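Here are the chains, one letter per residue:
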Amino acid sequence: MSRSKNLAVKYLVAAILFFGVMTLSGLMSAAYYIQPDFLFGLIPFSIAKMLHIDTMIIWLLMGFMGAVYWFLPDEFEIEPAGIWAAEILFWVFVSAVLVVAATFVLVQWGPSTETTLWLVQQGRKYVEAPRWAAIGVALVMLVFAWNVVGTALRARRITGIMAVMSVNMVPLVLLYLIAFPKIDNMAVDLYWWWWLVHLWVEATWEILIGCIMALAVMKLLGTSRKIVEGWLYVEVSMVLGTGILGLGHHYFWIGTPDYWLGIGGFFSALEPLPLLGMVVHAVYDAGVHRMKTTNRPAFYWTLAEAFGNFLGGGVFGFMITLPQLNLFAHGTQWTVSHGHFAFWGAYACGVLSVCYIAMQEQRRLAVVNGRGWVWAFVLLNGGLIGMVGSLLVAGMAQTFFERAIGGSTLEAFIAGQENPWFVLGMYSRMFFGLIFTAGYLTLAWNLLALGHREAAAVAQPAPAE
Amino acid sequence: MTPGVLLVTSVSLGFMVLAAGAYALLYGIGRFRNSRSLLVSAGFAYGALVLDAAGLILATPLALEWKLLIAGSAVAYLGIPPLTWRYLQHTHREEGAHP
């Protein structure tokens, strides 16, 4: 196997491990809602939540990078430019994430000084990592961009998919630089901060996963490059056309001018349209191939990606995106429900699909199937749907009792938190969170054991007649 | 907007996109299997979408611009599945990938 593919496997393994940390810290965060003094004096809720959100970003990012390093040598038929730097930075990246996680758990916070910003945390949601680690992430992104663009230059040829990916590397790196400034005005700070969070997630990541899924579909179903690239161009234009100014829906209540209400509402309302096209495409591909493939788990995770993205981003997003409704639902568990479903559908399912594609080739398996992946698929998706359903109920109760009836006072907040529907939602979320965790463990076991049983069967001598 | 209307409006917006998804799914499977009953079901799903959109336009206190957007979206949802389908058929036929 090439050095790039070896590195890809390391990234995918790291991604699955950090997926586990995200799941565990998610369970911890859920527990505080049921038992507010859970881990009292040891780890506050804010730290558990930080770990949950930050490891979510890290495992998906590592999954994307693993996927790109996996497909890169196939696309260009040479080792990526600067692969040595990427190999070194993998260990730097993993070590930095572990040190930051340990700092979050053990040090937790510091006084409002430059030292805290550099060594403990920056205190900005999603990009809390201290500056030294943020510089490390920027360096990793820079080398990642060099690996992609440099390989195309060295190979002296470019494919449509890699051209889209190469152009996408520019905003991917540049937008991350917004993680650094320290702006005293909170409205201004949030204004730019959303460029990083929204435009990474709903623009550059969308394009990156679009390219990855295009490569995955070619590998998985043998679909021709021309078909896949044609669809990729359509999808990228539609996603960018609706997604970039969809940024406005994050500008609703942070002190920005009123016109953002119109811009945000309008473009967000258009965001489900390309997702609907993806549903039709998924049906077409499934029909053309009559659900037959040598890698069923990868195929099913690809389908889950299309449907999950539509339901999580489209249906759950459209419920709360118009400003008149968002005024009440913003920042409640309703938003959390949408966020969980959208991230799962848009990104996590795609990364899991690539994990199975890589494992099939790495372990030289003619066919990937069995019961293990089915259990993992059902438990993870069932757990996730249960969680987002529970959060939806809790969020609706919060919106109704705390915001709409209570008028967002402190008393109304307490009344909302104590409302039986909210409490039921929190217990139910914990229950489905445990199911999701069982799904994660099954997935990890399945990916680890994939092909080993077959190898053992081959190694076992046939019984004498 | 009363608290009750707020919830009903939000759920109706979600239902509208869900109905669009059901329409796209049934349309796709119906075209693939050449099944008239599935295509009729797709029509019913789209009908549910239109009724829901009409309810949102006529009975909710959403501002006029959002009502216009909902009406426009309802029309756009009608066209997306057939257009996507034709585009996919065209590209596959051009490549000779599938019949």
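These numbers were taken from a predicted model, which means no experiment stands behind them.

Rules used in this analysis
- Residues numbered from 1 in each chain as written.
- Chains lettered and ligands numbered in written order.
- Predicted model: local features only at pLDDT ≥ 70, side-chain atom pairs only at ≥ 80, totals over all residues.
- Heavy atoms only, no water.
- Phe/Tyr/Trp six-rings, centres within 6.5 Å; stacked < 30°, edge-to-face > 60°.
- Helix = DSSP H or I, 4+ residues; strand = E, 2+ residues; numbered from the N terminus.
- Buried < 20%, exposed > 50% of the residue type's maximum accessible area, 1.4 Å probe, protein only.
- Lys NZ or Arg CZ within 6 Å of the ring centre and 35° of its normal.
- Domains from an automatic or database assignment.
- Contact = heavy atoms within 4.5 Å.
- Salt bridge = Lys/Arg side-chain N within 4 Å of Asp/Glu carboxyl O.
- Polar contact = N/O pair within 3.5 Å; in protein donor to acceptor, adjacent residues only side chain to side chain.
- Buried area = accessible area lost by both parts, 1.4 Å probe.
- 1 Å grid on protein atoms, 1.4 Å probe; cavity = no way out; pocket = protein on both sides within 12 Å on 5 of 7 lines; lining within 4 Å.
- Points joined across faces, edges and corners; volume = space filled by probe spheres on them.
- Nonpolar A, V, L, I, M, F, W, Y, C, P; charged D, E, K, R; others polar.
- Patch = residues over 30% accessible without salt bridge, like charges linked within 9 Å, V, L, I, M, F, W, Y side chains within 5 Å.
- Areas by Shrake-Rupley, 256 points an atom, 1.4 Å probe, with all protein chains shown as cover.
- pLDDT = per-residue confidence, 0-100.

Caption draft 1: Here's a closer look at the packing of aromatic side chains. Residues and elements named next belong to chain A. Taken as a whole, this structure holds 46 aromatic pairs over all chains when the rule is applied. Taking the centre distance of 6.3 Å and the plane angle of 80° together, the rings of tryptophan 84 and tryptophan 146 count as edge-to-face. Of the two residues, tryptophan 84 is situated in helix H3 (residues 83–106) and tryptophan 146 in helix H5 (residues 131–155); the sequence distance between them amounts to 62 residues. Judged by its relative accessible area of 51%, tryptophan 84 is exposed. Here tryptophan 146 falls in the partly exposed class, since its relative accessible area comes to 38%. When the centroid spacing of 6.1 Å and the interplanar angle of 90° are considered together, the rings of phenylalanine 299 and tyrosine 300 count as edge-to-face. Residue class for phenylalanine 299 comes out buried when judged on its relative accessible area of 2%. One cation-aromatic arrangement involves lysine 5 over tryptophan 70; the distance from NZ or CZ to the ring centre is 4.3 Å.

Caption draft 2: Seen up close, the domain arrangement of chain A. All names here are of chain A. By the assigned domains, chain A splits into domain 1 (1–182) and domain 2 (222–465). On a C-alpha basis, the centres of domain 1 and domain 2 stand 20 Å from each other. Taken together, the 28 residues of domain 1 in the interface contact 35 residues of domain 2. In this structure, the connection of domain 1 to domain 2 is made through two salt bridges. Among the salt bridges present, the one from arginine 225 reaches glutamate 75, with a minimum N-O distance of 2.7 Å. Inspection of the domain 1/domain 2 interface yields seven residue pairs in polar contact (both at pLDDT 80 or more). Elements supplying a minimum of two residues to the side of domain 1 that touches domain 2: helix H1 (3–34), helix H2 (45–76) and helix H6 (160–176).

Caption draft 3: A look at the interface of chain B and chain A. Taken residue by residue, the interface counts 40 residues in chain B and 43 residues in chain A. Roughly 3700 Å² is buried in total at the junction of chain B and chain A, and carbon and sulfur atoms are behind 83% of that figure. Contact with chain A buries surface across chain B, with Leu6, Phe32 and Trp66 of chain B losing the most and accounting together for 15% of the total. Where chain B touches chain A, the interface holds zero salt bridges. Connecting chain B to chain A are four residue pairs in polar contact (both at pLDDT 80 or more). Elements that contribute at least two residues to the side of chain B that touches chain A include exactly helix H1 (3–33) and helix H3 (64–95) of chain B.

Caption draft 4: Geometry of the layout of surface pockets. All names here are of chain A. The space that makes up the second largest pocket amounts to roughly 460 Å³. Asp54, Ile58, Tyr126, Ala129 and Val137 are the residues nearest the centre of the second largest pocket, which is lined by 30 residues in total. Going through the elements one at a time, H2, H3, H5 and helix H7 (186–221) are the ones with two or more residues in the lining of the second largest pocket. A breakdown of the residues in the lining of the second largest pocket according to their chemical character gives 26 nonpolar, two polar and two charged.

Caption draft 5: Here's a closer look at a nonpolar patch on the surface. Residue and element names in this part refer to chain A. Judged by side-chain polarity, Val99, Trp118, Leu119, Trp132 and Ile135 come together as a nonpolar surface patch covering roughly 450 Å² of accessible area. Breaking the nonpolar patch down by element, the ones donating at least two residues are helix H4 (114–119) and H5. As for its placement among the helices and strands, tryptophan 118 is situated in helix H4. Judged by its relative accessible area of 35%, tryptophan 118 is partly exposed.

Caption draft 6: Representation of the confidence of the model for chain B. Residues and elements named next belong to chain B. Per-chain confidence: chain B averages 91 in pLDDT, with 95% of residues scoring 70 or above. Taking the mean pLDDT of every element in chain B, the minimum, 90, falls on H3 and the maximum, 97, on helix H2 (residues 36–59). Model confidence for the complex is summarised by a pTM of 0.93, with the ipTM given as 0.92.

Caption draft 7: The environment of isoleucine 263 of chain A, seen in detail. Residues and elements named next belong to chain A. Its place among the elements puts isoleucine 263 in helix H9 (residues 259–270). For isoleucine 263, a relative accessible area of 25% corresponds to the partly exposed category. For the pair isoleucine 263 and glycine 241, spaced 22 residues apart in the sequence, the C-alpha separation amounts to 12 Å.

Caption draft 8: A look at the pattern of salt bridges. All names here are of chain A. Taken as a whole and assessed by the stated rule, the structure comprises eleven salt bridges over all chains. Glutamate 87 is paired through a salt bridge with arginine 3; the nearest N and O atoms lie 2.7 Å apart. Here glutamate 87 is found in helix H3, whereas its partner arginine 3 is found in helix H1, with 84 residues between them in sequence. Given the relative accessible area of 22%, glutamate 87 is considered partly exposed. A salt bridge links arginine 124 to aspartate 189; the nearest nitrogen and oxygen atoms lie 2.8 Å apart. Of this pair, arginine 124 sits in the loop between H4 and H5 while aspartate 189 sits in helix H7, and the two are 65 residues apart along the sequence. Arginine 124 sits in the buried class, given a relative accessible area of 9%. Judged by relative accessible area, which is 12%, aspartate 189 ranks as buried.

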